[in-house]
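Remarks on the overall topology
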Amino acid sequence: MTVAQDIETKLTESFQPASLKVIDESSQHAGHMGARPEGETHFRVEIVADAFAGKNRVDRQRMIYAVLKDELAGPVHALSVSANAP
Amino acid sequence: MSENPVLERIKGEVDENEVVLFMKGTPVFPQCGFSSVCVQVLSNLGISFKGVNVLEDGEVREGIKAYSNWPTIPQLYVKGEFVGGCDIVREMYESGELIEYFNTNGINVELANPE
């Protein structure tokens, strides 16, 4: 399973999102600190789910970080997040 | 949290400075695109801030993640409160919320002249 698929699976299971996009932006960071030649280091997540209703931005992003903590501690160098309620 | 000297040091920084950005690199020479975005936003608003370069101090680099329960850098603090990382700072800037936030906290905003 690729890192992107892994992120998508975990977020889907945890939040049953109304919409979810996992975008690999690693190529924009090739050669930067934290980049690896094989890519899959920099991601952008755009997620819409009921779970974020009534939560502020910091809490929403913390919820996502918690679900993806293994990835953040491992292969993922940067994760950009846009999380909203429907 | 008072037992840990690194967390005490971090608390000292955010208590002593109204606006603090924990970042990779310095405000003049950011070494990470996400840190650079935050510096740019603060500069556009004419906010004077203290930049803390986590690349110079491994203890602070790890400690700041525990301090705010936030695993990434940059991190912006205003009047001791954690505001957010790069995504949140950018979203708040684009929506105008950030200016309001600084105004509410009594921090002087001077919009840079686009000329």
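Described below are features of the structure shown in this document. (Residues numbered from 1 in each chain as written. Chains lettered and ligands numbered in written order. Predicted model: local features only at pLDDT ≥ 70, side-chain atom pairs only at ≥ 80, totals over all residues. Heavy atoms only, no water.)

Moving on: the sheet that holds strand 2 (residues 42–48) of chain A. Residues and elements named next belong to chain A. Spatially, 1-2-3 is the arrangement adopted by the three strands of the open sheet, whose pairing is mixed. Both edges of this open sheet fall to strand 1 (19–24) and strand 3 (78–84), since each of them pairs with a single strand only. Between one strand and the next, the sheet's axes are offset by a mean angle of 10°, whatever the strand orientation. Pairing between strand 2 and strand 3: seven bridges, direction parallel. Note that in strand 3 the partner of Val 48 across the bridge is Asn 84. Contacts from helix 1 (residues 3–15) reach strand 1 and strand 2, with the element oriented near 25° to strand 2. (Pairing = 2+ DSSP bridges. Helix = DSSP H or I, 4+ residues; strand = E, 2+ residues; numbered from the N terminus. Axes fitted to C-alpha atoms, helices over the stretch in contact; angles between N-to-C directions. Contact = heavy atoms within 4.5 Å.)

A separate point is the environment of Gly 80 of chain B. Residues and elements named next belong to chain B. Its place among the elements puts Gly 80 in the loop between strand 3 (75–78) and strand 4 (81–84). For Gly 80, a relative accessible area of 26% puts it in the partly exposed group. Separated by 68 residues in sequence, Gly 80 and Gly 12 have C-alpha atoms that sit 9.3 Å apart. (Buried < 20%, exposed > 50% of the residue type's maximum accessible area, 1.4 Å probe, protein only.)

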